[in-house]
Amino acid sequence: MNKKISNKDKEDWKNFISNDERVHNKDIFLQKKIRHEKIKKIDLHGYTLKEANNTIEQFINKCFDERVTKIIVITGKGLRSKNIENPYLSKDLSILKYSVPEYIETNKNLIKMIIEITDANIEDGGSGAFYIYLKNKYKIK
């Protein structure tokens, strides 16, 4: 057995670990495809950040109890956001598109119910929406 690692293998490994691209998780794909999909949608257009976070938390809990498998969350792209008029607010940080997924991912109670959060397909809102795939209520560990 050759124990010497080639320079090409070392370079390939460096490229792999420095790449920000996510490696496809086949287990998540199988979890989403095996179950019968039950989908619900919520539109957060016009909500303040606080209202959106409270609403999405309640909505995820309700969907989880109803055994929903996929939630489509429409946030919009932030193009009509009123924070553009205020030079002291960042355009990017208070837009629901960024802050709602961050709120979900940092909420320990919500993240226990979630398999994955991904970008939405163009037919469901594209960059102004995202998907939440929920775990099976009866298989929570």
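Residues numbered from 1 in each chain as written. Predicted model: local features only at pLDDT ≥ 70, side-chain atom pairs only at ≥ 80, totals over all residues. Heavy atoms only, no water.

Enquirer: Go over the sheet that holds strand β4 (residues 129-134) with me, naming the residues and quoting the values.
Expert: One open sheet holds the four strands; their spatial order is β1-β2-β4-β3, and the pairing between them is mixed. Both edges of this open sheet fall to β1 (39-43) and β3 (114-119), since each of them pairs with a single strand only. Recorded for the sheet is a direction-independent mean angle of 20 degrees between the axes of neighbouring strands. In the sheet, β3 pairs with β4 via five bridges, with the strands oriented antiparallel. In the sheet register, E116 faces β4, and the bridge partner there is Y133. (Pairing = 2+ DSSP bridges. Helix = DSSP H or I, 4+ residues; strand = E, 2+ residues; numbered from the N terminus. Axes fitted to C-alpha atoms, helices over the stretch in contact; angles between N-to-C directions.)

Enquirer: Summarise the pattern of salt bridges; cite the residues concerned and give the values.
Expert: The full count for this structure, using the stated rule, is three salt bridges. Residues K40 and E66 are paired through a salt bridge, measuring 2.7 Å at the closest nitrogen-oxygen approach. Placement of K40 in strand β1 and of E66 in the loop between α3 (49-65) and β2 (70-74) is noted, with a sequence separation of 26 residues between them. Classification of K40 by relative accessible area gives partly exposed; the value is 25%. For E66, a relative accessible area of 27% gives the class partly exposed. Salt-bridge contacts for E66 lead to K62; the nearest nitrogen and oxygen are separated by 3.9 Å. Judged by its relative accessible area of 46%, K62 falls in the partly exposed class. When salt bridges that share partners are traced, they join K40, K62 and E66 into one network. (Salt bridge = Lys/Arg side-chain N within 4 Å of Asp/Glu carboxyl O. Buried < 20%, exposed > 50% of the residue type's maximum accessible area, 1.4 Å probe, protein only.)

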